[in-house]
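Here is how the chains run, residue by residue.
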Amino acid sequence: MWSSCRCVRCGEHDRPYDRLPARRWRHLDIGCTRLLLEHAPQRVDCAEHGVTVAMVPWVRRQSACTRDFEQRIAWPGVHAPRSAVSRLIRVDWKSVDPICRRVADDLRSQRGAGLFDHLRSIGVDETGCRKGHTYMTVVVDHDRGHVIWMHDGRGQKVFDLFFQALTPARRESIRVVTGDGARWIDECVFRWCPMAERILDGFHIVSRATDALDKVRTAAWREARKTGTAGKGAKDPVKGARRALLKDPGRLTAGQKAQLECVANTNETLWEAYKLKERFRMILRQTAGEATPMLRQWAADASLSGIKEFSKLGEKIDRRRFDILRTIRSGLSNARLEAVNNRIKTTIKIGYGYRNLDNLIALVMLKCGGLNLQLPGRQ
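Conventions adopted
Residues numbered from 1 in each chain as written. Predicted model: local features only at pLDDT ≥ 70, side-chain atom pairs only at ≥ 80, totals over all residues. Heavy atoms only, no water. Salt bridge = Lys/Arg side-chain N within 4 Å of Asp/Glu carboxyl O. Helix = DSSP H or I, 4+ residues; strand = E, 2+ residues; numbered from the N terminus. Buried < 20%, exposed > 50% of the residue type's maximum accessible area, 1.4 Å probe, protein only. Expected span 1.5 Å × (residues − 1). Contact = heavy atoms within 4.5 Å. Core = buried A, V, L, I, M, F, W, Y, C linked by side-chain atoms within 4.5 Å. Pairing = 2+ DSSP bridges. Axes fitted to C-alpha atoms, helices over the stretch in contact; angles between N-to-C directions. Parallel < 35°, antiparallel > 145°, perpendicular 65-115°, else oblique. Nonpolar A, V, L, I, M, F, W, Y, C, P; charged D, E, K, R; others polar. Phe/Tyr/Trp six-rings, centres within 6.5 Å; stacked < 30°, edge-to-face > 60°.

A. Quick peek at the pattern of salt bridges. Scanning all chains against the criterion turns up 27 salt bridges. Ionic pairing is found between Asp-214 and Arg-217, a salt bridge with its closest N-O pair at 3.0 Å. On the criterion of helical spacing, the pair formed by Asp-214 and Arg-217 is a turn pair, its members being three residues apart in helix H7 (residues 202-227). On the basis of relative accessibility, which here comes to 18%, the residue Asp-214 falls in the buried class. Classification of Arg-217 by relative accessible area gives buried; the value is 9%. Ionic pairing is found between Arg-281 and Glu-278, a salt bridge with its closest N-O pair at 3.7 Å. With a gap of three residues between them, Arg-281 and Glu-278 both fall in helix H10 (residues 268-283), about one helical turn apart. The same class applies to Arg-281 and to Glu-278, which are both buried. Among the charged side chains, a salt-bridge network with shared partners connects Arg-60, Arg-67, Glu-70, Arg-102 and Asp-106.

Here it is in structure tokens:
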């Protein structure tokens, strides 16, 4: 009897104090019949927390359901909307998210600090989770392919919380940090992990050139409208060529190739911007040794091109030249993290939005965090 008397808060063995009246907990149904477990829990006299309820092995703290029943709810709760789960298991739909959160917290506590063990290469990114520019910061372990940390908000102060959760030894073990070119990532990595390499994501690097090209195209179309030479809608050779200009040349259709030929014959500035973009894309596909002189020459040509958008881009690329070369040398990217972002957005759509972001974080950790979520009896 002594072994069963543990404090529900700290888990320490304590002296029995008294016994409370019988309570009931929802358990797994037997066929179509609901099953309730009835038990009179003890109270213990804890040295730290005083008189409190003793731990009940089949129930999580502050729950009206058994552990198996909550596991039964959490598993479909990760893959289906709350309304479907509540109808299937006959529970209130408002209780689905809190149950999933308790299960996620319990599984993470079982892992303890093991989520942060053997970190070598991590990726960080921000993802939108609600209207009104509401973001979450996501950190992924590239080696294991799991989400290891999420927090509401973005920026330097939020990313600092991740490094504060690590021990000095775990921070020193990090050798590579991937992400976009945000300055707050650079500052946090330099302050907390000065020996780690900062790797820019190849997709975000190329997107800088494609964004600059699209701005040149928009300016050209507006100029054509002012002079009265623009066509109507997508028939305009500049406005209708947007997809052809931004698309990979190896995947162009016959119609898009014709649009590019029309741009080359009618708008010299836009064509020069397109060639700069394609040169930049090809440089990123070279080896680090081949890309070093090519990247330096590209930055100089872009700065002297006379195209405002690419002149600014050339200066930025020249400043981040060594970071880009490290990206080429390492071969790493944030592709895994972008896939996680898509799964987060899918989770939000399935749940029709989340007011409580902690519940959303719990679902994402159950889905992408490598937690051992199993149906009852199938562990």
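There's plenty left to go through after this.
B. Representation of helix H3 (residues 96-111) within the structure. Helix length check: H3, at 16 residues, gives a terminal C-alpha distance of 23 Å against a target of 22 Å (1.5 Å per residue), a fit within 8%. Listing the buried residues of H3 in full gives Val-96, Asp-97, Ile-99, Cys-100, Val-103, Ala-104, Asp-106 and Leu-107. Close packing links the buried residues of H3 with helix H1 (67-79), helix H2 (82-89) and helix H15 (357-368).

C. Region of interest: the nonpolar core. In this structure, Ile-73, Val-138, Val-147, Met-150, Ile-344, Leu-360 and Leu-366 are the most contacted members of the largest nonpolar core, which totals 36 residues. Those elements that provide at least two residues to this core are H1, H2, H3, strand S7 (134-141), strand S8 (146-152), helix H14 (335-350) and H15. Leave out the neighbours within four places in its chain, and Ile-73 touches Val-85, Ile-89, Val-91, Val-96 and Ile-99. By size, the runner-up hydrophobic cluster in this structure holds 34 residues, among which are Val-238, Leu-295, Ala-302 and Ile-317.

D. Representation of the environment of Cys-46. When you line up the elements, Cys-46 lands in strand S4 (residues 42-46). Overall, Cys-46 belongs to the buried group, its relative accessible area being 5%. Separated by 215 residues in sequence, Cys-46 and Glu-261 place their C-alpha atoms 81 Å apart.

E. View of unusual backbone geometry. Positive phi is not limited to glycine here, since Gln-62 has a value of about 60°. Its location among the elements puts Gln-62 in the loop between strand S5 (50-53) and H1. Positive phi outside glycine occurs at His-118, with the angle close to 60°. Along the chain, His-118 falls in the loop between H3 and strand S6 (121-130).

F. Structural view of the pairing of strand S3 (residues 33-39). Here six bridges tie strand S2 (residues 23-30) to S3, and the two strands are oriented antiparallel to one another. Across the sheet, the residue bridging to Trp-25 is Leu-37, located in S3.

G. Summary view of the packing of H7 against H10. Closest axis-to-axis distance for the H7/H10 pair is 10 Å, and the angle between their directions is 175°. Between H7 and H10, the angle is such that the two are roughly antiparallel. Between H7, through Ile-205, Val-206, Ala-209, Thr-210, Leu-213, Val-216 and Arg-217, and H10, the contact on the second element is made entirely by Thr-269, Leu-270, Ala-273, Tyr-274, Lys-277, Phe-280 and Arg-281. For the contact of H7 with H10, the per-class residue count stands at nine nonpolar, two polar and three charged.

H. Inspection of the environment of Leu-295 at higher detail. Topologically, Leu-295 is positioned in helix H11 (residues 288-303). The exposure class of Leu-295 is buried, given its relative accessible area of 0%. Setting aside residues no more than four positions away along its own chain, Leu-295 makes contact with Phe-280, Ile-283, Ile-317, Arg-321, Ile-324 and Leu-325.

I. Examining the sheet that holds S8 more closely. Spatially, five strands are ordered S8-S7-S6-S9-S10 in an open sheet, and the strand pairing comes out mixed. Only two strands of the sheet have a single partner each, and these edge strands are S8 and strand S10 (197-200). The mean angle between the axes of side-by-side strands here comes to 25°, regardless of whether they run parallel or antiparallel. Relative to S10, strand S9 (residues 176-179) runs parallel, the two sharing four bridges. Bridge pairing in S10 links Gly-179 to Leu-200. Sitting on the sheet, helix H4 (residues 156-164) is in contact with S6, S7 and S8, with an inclination near 135° to S8.

J. Quick look at the packing of aromatic side chains. Summed over all chains, the structure comprises 10 aromatic pairs. Both rings, one in Phe-280 and one in Trp-298, keep their centres 4.7 Å apart while their planes meet at 40°; by these two values the pair is tilted. With Phe-280 in helix H10 and Trp-298 in helix H11, this residue pair connects regions lying 18 residues apart in the sequence. A relative accessible area of 0% places Phe-280 in the buried class.

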